[in-house]
Amino acid sequence: MDFERRKRPFRHLGRVVDIINIILSVVVVTCAVFVALNREENLLLFPVIFLSTALINLALAVKYYKRRDNFRVMTLAIGFLAFFGFGIFALIVVL
């Protein structure tokens, strides 16, 4: 039993990241549906969509950092920065 813990110490982190991704994905889809139904009233949801997507990329980057997959970490970090920038830009435009 102790051997299993040493073999995969970050197994529980992967589950937590997966749950976070599911929750944030539901938020993104829900906000996108509301924006599609009525764009003028729900204009403030655009930054929420971009920032939620940025958080998904950040959570996946942490997961792959623990797995030591550097290429995926770099691509997800670039995606995080891009979506975070789009989210801030959308927030400035909306407000």
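Criteria and cut-off values
Residues numbered from 1 in each chain as written. Predicted model: local features only at pLDDT ≥ 70, side-chain atom pairs only at ≥ 80, totals over all residues. Heavy atoms only, no water. Helix = DSSP H or I, 4+ residues; strand = E, 2+ residues; numbered from the N terminus. Buried < 20%, exposed > 50% of the residue type's maximum accessible area, 1.4 Å probe, protein only. Contact = heavy atoms within 4.5 Å. Areas by Shrake-Rupley, 256 points an atom, 1.4 Å probe, with all protein chains shown as cover. Phe/Tyr/Trp six-rings, centres within 6.5 Å; stacked < 30°, edge-to-face > 60°. Axes fitted to C-alpha atoms, helices over the stretch in contact; angles between N-to-C directions. Parallel < 35°, antiparallel > 145°, perpendicular 65-115°, else oblique. Left-handed = near helix turned anticlockwise from the far one by under 90°. Nonpolar A, V, L, I, M, F, W, Y, C, P; charged D, E, K, R; others polar. Expected span 1.5 Å × (residues − 1). Patch = residues over 30% accessible without salt bridge, like charges linked within 9 Å, V, L, I, M, F, W, Y side chains within 5 Å. Salt bridge = Lys/Arg side-chain N within 4 Å of Asp/Glu carboxyl O.

Can you break down the overall build of the chain residue by residue, with the values?
Helices and strands together make up the secondary structure of the chain, namely 4 helices and 0 strands. Listing every helix and strand of the chain by position from the N terminus yields α-α-α-α. In the chain, buried positions account for 26% of the 95 residues. Taking all contacts inside the chain whose residues are at least 6 apart in sequence as the whole, residues at least 24 apart take part in 60%. With the model as given, the accessible surface of the chain reaches about 7200 Å², and the carbon-plus-sulfur share is 70%.

Hey, could you go over the packing of aromatic side chains for me, with residue numbers and the actual values?
Taken as a whole, this structure holds 3 aromatic pairs when the rule is applied. Among the aromatic residues, ring-to-ring pairing joins F50, F83 and F86 into one connected group.

Now, about unusual backbone geometry: what can you tell me, with residues and values included?
Phi is positive for R68, which is not a glycine, with a value near 65°. Judged by relative accessible area, which is 73%, R68 ranks as exposed.

How would you explain the packing of helix α3 (residues 45-66) against helix α4 (residues 70-94) if you had to name every residue and give the values?
The N-to-C vectors of α3 and α4 enclose an angle of 160°; their axes lie 8 Å apart at closest approach. Relative to α4, the element α3 is oriented roughly antiparallel. Crossing of α3 against α4: the hand is left-handed. Classifying every residue of the contact of α3 with α4 gives 19 nonpolar, 4 polar and 1 charged.

Run through α3, naming residues and quoting values.
When the terminal C-alpha atoms of α3 are compared, their 32 Å separation across 22 residues agrees well with the 32 Å that a helix rising 1.5 Å per residue should span. Along α3, the residues classified as buried are P47, I49, S52, T53, A54, I56, N57, A59, A61, K63 and Y64. In this structure, the buried residues of α3 make contact with α2 (11-37) and α4. Looking one or two residues beyond α3, the residue adopting positive phi is R68, at roughly 65°.

Talk me through a nonpolar patch on the surface; I want residue IDs and the actual numbers.
Residues V29, V33, F34 and L37 make up a contiguous nonpolar surface patch of roughly 410 Å² in combined accessible area. Of note, F34 is situated in helix α2.

Give me the packing of α2 against α3: which residues, what numbers.
With their axes 9 Å apart at the nearest point, α2 and α3 run at an angle of 165° to one another. One element, α2, and the other, α3, form an angle in the roughly antiparallel class. In the crossing of α2 with α3, the sense of the turn from one axis to the other is left-handed.

Go over the pattern of salt bridges, please, and point to the residues and values.
Following the criterion strictly, the structure yields 2 salt bridges and no others. A salt bridge links D18 to K63, with the nearest nitrogen and oxygen atoms 3.1 Å apart. Of the two residues, D18 is situated in helix α2 and K63 in helix α3; the sequence distance between them amounts to 45 residues. Judged by its relative accessible area of 11%, K63 falls in the buried class. Between R72 and D69 there is a salt bridge; the shortest N-O distance is 3.6 Å. The class for R72 is partly exposed, based on a relative accessible area of 40%.

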